[in-house]
Amino acid sequence: MDAPPTSSDRRKVSRISPAGGPVEPSVDAVLIRRTLAEIGPVADRVTSYFYALVFTGHPELRSMFPAAMDVQRDRLLKALLTAAEHIDDPAVLGPYLRRLGTGHRKYGTRPEHYPVVGEALITALARYAELTWGPETEAAWVRAYTAISQIMIDAAAEDERRSPAWWQAEVVSHDLRTPDIAVVTVRPDQPYPFLAGQYTSLETPWWPRVWRHYSFASAPRQDGLLSFHVKAVPAGWVSNALVRYARPGDVLRLGPPAGSMVVDHTTDNGMLCLAGGTGIAPIKALIEDVAEHGERRPVEVFFGARSDSDLYDKDTLLGLQRSHPWLSVRPVVGDGLAGQLPQAIGEHGPWNSYDAFISGPPAMIRSGIDALKRIGIPGERIRHDALEELAGVAG
């Protein structure tokens, strides 16, 4: 097997260099991507076999994962495969792996666990990539995994010197805004540094080792309290627990802050903010951040929901608008939210001198990015949370 990469293979995975010319992928990258293409149709079987290898060989690791593996059983393997796919793109790979390495501390991951996972990964791939597997491909994967795991281990070790693996956070208030949406405010057991617009991973006592992402609903506060807007979704274990069962006195766990959807205070560009549902939480934090910095840049907010009752934070936003003449808030109501918000934005403007911020369900973010590009906002000035990280938002 292990046929040498053809020129066609190389064309499929070529990237563009900073100088504008194509970057030839390494042989390792081509071999890795061939494997990924082959296992794609049987990803479920690869995933099941991978975890069977990990848990039968090292049953002590089972306690690090959720009791019900069907909830997020493919996340570890998917993260590793995503990293391998970008092995020739350090600008993407480095930050992604550092986030993974620091984020995995909350699961109790230690350096000695990485060889166990790597062995299971290689064995699973060798079993299911029958057409593309061979000595050269195996060597490429070993080199890739070695590099990937070392970046994650180093990032975790560096983070350990300055931050805990997780924070305990006591619920101090639970404000049910609608039958399905609650604003949950917590007090962490030690200082929790973050930036407005970021998010964290959160675990409840009802579902141990099941973590979901939630954005901070305010800029950092002097009292150290943190607020989250949570919508209970069908079959959402964590969201339903937080909305229906959490009460003052309950203790949650928080992972480290993450996300780059933050205000650039070195510029005075206007800000165009597009929020759907509880996606208004980080947008509200961004507004507070601008106000606290004493800036008067124009901030235009489009806040969408399926019904007027779902505009649960509208009064707060309109109050901010009355206090800050540079802020404009436009509620948008109706079905088909993914298309309706971008359409509403297109009716105003022009926006070509604005930085854009999008927060909400992944489908809305995707349609919003396309709409913003169509009306002239360059992609590098459109900020949003990474879509693969948002996979955990609606649980």
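Rules used in this analysis
Counting from 1, residues in each chain are numbered in the order their sequence is written. In keeping with the model being predicted, local features are shown solely for residues with a pLDDT of at least 70 and side-chain atom pairs are shown and tallied solely at 80 or more, while totals for entire chains, interfaces and linings include all residues. Computation of side-chain values covers all heavy atoms of the structure but excludes hydrogens and water. Strands here mean DSSP runs of E at least two residues long; helices mean DSSP runs of H or I at least four residues long; both are numbered from the N terminus. Each helix should span, by expectation, one fewer than its residue count multiplied by 1.5 Å. For every residue, the accessible area obtained with a 1.4 Å probe (protein chains only) is divided by the maximum for its type, and the residue is called buried under 20%, exposed over 50%, and partly exposed between those limits. The contact definition used throughout considers only heavy atoms, calling two residues in contact when any of these lie within 4.5 Å. Helix axes are fitted only over the stretch in contact, all axes being lines through C-alpha atoms; the angle between N-to-C directions runs from 0 to 180 degrees. Any angle between 65 and 115 degrees counts as roughly perpendicular, while under 35 counts as roughly parallel, over 145 as roughly antiparallel, and the rest as oblique. Helix crossings fall into two classes, left-handed where the near helix is turned counterclockwise from the far one by less than a right angle and right-handed where it is turned clockwise. Classes in brief: Ala, Val, Leu, Ile, Met, Phe, Trp, Tyr, Cys and Pro nonpolar; Asp, Glu, Lys and Arg charged; the others, Gly included, polar. Distance and chemistry together define a polar contact, namely a pair of N or O atoms within 3.5 Å, with one atom able to donate a hydrogen and the other to accept it when in protein, and with adjacent residues in sequence counting only for side-chain atoms on both sides. Each Phe, Tyr or Trp ring, with Trp reduced to its six-membered ring, pairs with another whose centre is within 6.5 Å; inter-plane angles below 30 degrees give stacked pairs, above 60 give edge-to-face pairs, and intermediate values give tilted ones. In this analysis the charged atom, NZ for Lys or CZ for Arg, is taken to sit over a ring once it is within 6 Å of the ring centre and within 35 degrees of the ring normal. For two strands to count as paired, DSSP must find a minimum of two bridges between them.

Caption draft 1: Region of the structure containing helix α5 (residues 90-103). Across its 14 residues, α5 extends 19 Å between first and last C-alpha, which sits within 8% of the 20 Å expected from 1.5 Å per residue. Looking only at α5, the buried set comprises L93, G94, Y96, L97, L100, G101, T102 and G103. Against the buried residues of α5 lie α4 (75-85), α6 (113-128) and α7 (135-160).

Caption draft 2: Quick look at the packing of α4 against α5. The contact between α4 and α5 brings their axes to 10 Å, and the two run at 160 degrees. Relative to α5, the element α4 lies roughly antiparallel. Considering the relative orientation of α4 and α5, their crossing is left-handed. Residues A79, T82 and A83 of α4 touch α5, and the partners they reach there are L93, Y96, L97 and L100. Looking at the contact of α4 with α5 residue by residue, the classes come out as six nonpolar, one polar and no charged.

Caption draft 3: How the structure looks around unusual backbone geometry. The phi angle at R209 is positive, at roughly 70 degrees, despite the residue not being glycine. Structurally, the position occupied by R209 is in the loop between β5 (199-203) and β6 (211-215). In this model, A235 sits at a positive phi of 60 degrees, which is unusual for a non-glycine residue. Along the chain, the position of A235 falls in the loop between β7 (226-231) and α8 (237-244).

Caption draft 4: How the structure looks around the side chain of Q198. Here Q198 shows up in the loop between β4 (181-188) and β5. From its side chain, Q198 meets the backbone nitrogen of L195 in a polar contact 2.8 Å long. Aside from chain neighbours lying at most four places away, what touches Q198 is S215, F216, P257, A258, G259 and V262.

Caption draft 5: Layout of the packing of aromatic side chains. Applying the stated criterion to the full structure yields 13 aromatic pairs. Seen from their ring centres, F50 and Y51 are 5.0 Å apart, and the 70 degrees between their planes marks the pair as edge-to-face. With respect to class, F50 is no different from Y51; both count as buried. Both rings, one in F216 and one in F228, keep their centres 5.5 Å apart while their planes meet at 40 degrees; by these two values the pair is tilted. Of the two residues, F216 is situated in the loop between β6 and β7 and F228 in strand β7; the sequence distance between them amounts to twelve residues. Taking relative accessible area as the criterion, F216 reaches 1% and is therefore assigned buried. Among the aromatic side chains, those forming a connected cluster through ring pairs are W167, Y192, F194, F216 and F228. The positively charged end of K106 is found above the aromatic ring belonging to W211, 5.2 Å away from the centroid. Over the ring of Y49 we find R127; its NZ or CZ atom is 4.4 Å from the centre of that ring.

Caption draft 6: Examining the sheet that holds strand β11 (residues 327-333) more closely. Taken in spatial order, the five strands of this open sheet run β11-β10-β9-β12-β13, and their pairing is parallel. Both edges of this open sheet fall to β11 and β13 (382-384), since each of them pairs with a single strand only. Adjacent strand axes in the sheet meet at a mean angle of 15 degrees, parallel and antiparallel pairs treated alike. Judged from the seven bridges that link them, strand β10 (residues 299-305) and β11 form a sheet pairing that is parallel.

Shape descriptors only; they carry no functional weight alone.
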